[in-house]
Amino acid sequence: MAGLVDPMAVAGRTAPSRVIFGPHETNLGRGRRLSDRHAAYYRARAAGGAGMVITETASVLRSDWPYERAPLAESCGPGWAAVAAACQPHGTLVLAGLGHCGGQGSSAFSQSVLWAPSPVADVVSREMPAELEPREIAEVVDGFARAARRALDVGLDGVEVDAGYTSLLRQFHSGLTNQRTDEYADRLRLTGEVLQAVRGALGVGPVLSLRLCCDELAPWAGVTPDMAAQQVDVLSELVDLIVVVRGGPFSSSAYRPDAHTPPTFNLDLCRQMRAAAQGRALVALQGSVVEPAAADAALAGGVCDAVEMTRAQIAEPNLVSLVRAGTPARVRPCILCNQACRVRDDRNPVVSCVGEPRSGYETIEPDPDGTDEVSRQVLVVGAGPSGLECARVLAGRGHTVRVLERADLPGGAFRTAATGPGRKRLAALTDWLLAECLHLGVTVETGREAHVADIDGATSRGEEVVLATGGRAATAVDAGPAPDDRSPARVDALSLLGRGPDGLVDGPIVVDDPVGGPVGVGVAEWLAGAGREVSLVTPDQVAGAQLSRTGDLADANTRLQRAGVRRELRSRLRETATGRAVIEDVWTAERRSVPCAAVVDCGHRLPEESLYLARPGTRRAGDCVAPRTVLEAVLEGRRQALAIAAVAGPGTVAATVDVAS
């Protein structure tokens, strides 16, 4: 059977590999047009060996405006042409993603009524759409056809029609949203009309792909796998490729979940759809396909004909090239955190990756790879993500680097945080960074705390010094009983994770989470899983409010409830007393008590800056500047490396980012 690096024939064209870089929101556009940043973004994946690139889904009608920078097909001609020109020298097939979000869109930007099969309010936005009338259905069909013709005219290899988890076409497929009694009670009728119109616009030869939701995870009325198999049996006659996805209005997080969901979760679903297609159309596996070995196994096992590895290629643009070169271990891992690559929110962040912060910034951030004309000696203090990335980039450019780490194991707080349900995969990034450093000849000394004398000695020898000493607890670490043997102990969350739940005193635990991020939820789940009685105190309306940005908010609260965690919402911890904690309602200031033998502090940490304060002006990066996320740690470690490279070799400049561009 074919492997992921093998070519794939589709509609008379040949893709250089069986790996697809699928459509996803990027916020790289200018207005509703694709930009030069799109072209550079897709070029990097094509150069890295992607067999097929499907561009960010463009709305086929102006009234469909689901998010602020959502592309509009009628404005995408020049951008599509630029993407084609950027990718086709590498042999990569480029398809235009085309869609309409229907009742799962937004009227905030278009100021137009939403269209849907039936007047069923969206379960997320609660907005009521208008039922499509025959004239408007004809506009939708014509919109898809005109967009396909435009894509073909500017040199693309075909199009993909979106019938996935947020699409109007899926809404027609589903009993959740299609309650019509006219001819469109036939739930595949509109999709069939769209595909026939698009094929008519493309003619024979260009690729026609269909992104098809095959399980809405709502079996009481939605599309089920058995229903989808019947749909594939019909629709496979009309298309060249079917990308199998899942998710719907009641399960939006299921489309692209974080690491709480195992990778390649659509294996069985895809296998069933490939059998239903009976070879009439190729079938692609989608769904957290992030490991080359798993992708190869799916292809070899007959699960699919192609694999969509979108997040994997955001993390590692050269994924296919590295596998083809026989070095899959050097593929930068996707840790499925959704922290920087999930960008459909009101902040409009640009798509990126915590482990590869150049993703999305190809036209702005300098390429960290290269060779400098002058080799320097560099001392990096701290082997967390920031220090390891700094060392990796410097060593890759020909510099001699040594790293001092006071802990016995590199990885810093990020490795410590890789504890508990859905969080163990985080350690893959620090494992990769360490392996790359060792491969490039970096000397890493663990169990070696750096002192001011080390900084002075390195400086006197002409070495550059970068401090990546991380953060420290804002709370004194004390897992045992208080000195008076009455008040609950208080312990820092990361310190506790490093020691294990047995390090806490017996009795009920209060997890104090003023941040609302993943740490508080993760610690509460971890302690509950260890059999402890847990109360999670948060000032927000829901636990883990910041998890809305990664798509895990609803799932996290479900897990907490099932684990028996008591969620004390809209509350702040005010004081502790014998066997209890006093919490205060943020609205009414009403106070109440909860049982408490120990408090786990999940609040903000402080910078570990003792070395910096002793030698101010020394280069520093990451949490020792200000404790934030791994994204900032990796980015700043890289930027310090490039700043040193700018001194060592002409023509390299330190990075700056214009987030408004």
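Coordinates for the structure precede this section.
Residues numbered from 1 in each chain as written. Predicted model: local features only at pLDDT ≥ 70, side-chain atom pairs only at ≥ 80, totals over all residues. Heavy atoms only, no water.

**Brief notes about the sheet that holds strand 28 (residues 619-620)**
(1) Moving on: Ordered in space as 16-15-14-17-28, the five strands form an open sheet in which the pairing is parallel. Edge positions in the sheet fall to strand 16 (443-446) and strand 28, since each has one partner strand and no second.
(2) Moving on: Bridge count for strand 14 (residues 377-381) against strand 15 (residues 400-405) is five bridges, and the pairing is parallel. The residue bridging Val381 from the neighbouring strand is Leu404, located in strand 15.
(3) Moving on: Packed onto the sheet, helix 14 (residues 452-460) meets strand 14, strand 15 and strand 17 (464-467) and runs at close to 150° relative to strand 17. (Pairing = 2+ DSSP bridges. Helix = DSSP H or I, 4+ residues; strand = E, 2+ residues; numbered from the N terminus. Contact = heavy atoms within 4.5 Å. Axes fitted to C-alpha atoms, helices over the stretch in contact; angles between N-to-C directions.)

**Some details on empty space enclosed by the protein**
(1) Moving on: Evaluated as defined, the whole model comprises two cavities of 30 Å³ or more.
(2) Moving on: Looking at the largest cavity, its volume works out to about 110 Å³.
(3) Moving on: Forming the walls of the largest cavity are 15 residues, and the residues nearest its centre are Cys334, Ile335, Cys337, Cys353 and Val354.
(4) Moving on: Its volume calculated, the second largest cavity comes out at about 40 Å³.
(5) Moving on: Every residue along the wall of the second largest cavity is listed here: Ser63, Asp64, His100, Val113, Leu114 and Trp115. (1 Å grid on protein atoms, 1.4 Å probe; cavity = no way out; pocket = protein on both sides within 12 Å on 5 of 7 lines; lining within 4 Å. Points joined across faces, edges and corners; volume = space filled by probe spheres on them.)

**Describing the sheet that holds strand 20 (residues 509-512)**
(1) Moving on: Sheet architecture is open: five strands sit in the order 19-26-20-21-22, paired in parallel fashion. One side of each edge strand has no neighbouring strand; the edge strands of this open sheet are strand 19 (489-492) and strand 22 (566-568). Averaged over all pairs of adjacent strands, the angle between strand axes in this sheet comes to 25°, irrespective of strand direction.
(2) Moving on: As paired strands, strand 20 and strand 26 (residues 598-601) are joined by four bridges and run parallel to one another. Bridging from a neighbouring strand, Val511 pairs with Val600 of strand 26.
(3) Moving on: The sheet strands contacting helix 16 (residues 518-529) are strand 20, strand 21 (534-537) and strand 26, and the helix crosses strand 20 at an angle near 165°.

**Some remarks on unusual backbone geometry**
(1) Moving on: For Leu336, which is not glycine, the phi torsion reads 55° and is therefore positive.
(2) Moving on: Examined against the element boundaries, Leu336 turns out to sit in the loop between helix 10 (319-324) and strand 14.
(3) Moving on: You can call Leu336 buried: its relative accessible area is 2%.
(4) Moving on: Residues other than glycine seldom take positive phi values, yet Arg570 does so here, at roughly 55°.
(5) Moving on: Mapped onto the secondary structure, Arg570 falls in the loop between strand 22 and strand 23 (571-577).
(6) Moving on: The exposure class of Arg570 is partly exposed, given its relative accessible area of 31%. (Buried < 20%, exposed > 50% of the residue type's maximum accessible area, 1.4 Å probe, protein only.)

**Re the pairing of strand 21**
(1) Moving on: Neither face of strand 21 is left uncovered, since the one carrying Val534 and Leu536 and the one carrying Ser535 and Val537 both have all their residues buried.
(2) Moving on: As judged from the four bridges shared by strand 20 and strand 21, these two strands associate in the parallel manner. When the sheet's bridge partners are listed, Val510 is paired in strand 21 with Ser535.
(3) Moving on: As for the winding sense of the linkage, the β-α-β connection from strand 20 through helix 16 to strand 21 is right-handed.
(4) Moving on: In the classification by handedness, the crossover that spans strand 21, the intervening helix 17 (residues 553-563) and the parallel strand 22 is right-handed. (Right-handed = clockwise from strand over helix to strand, strands pointing away.)

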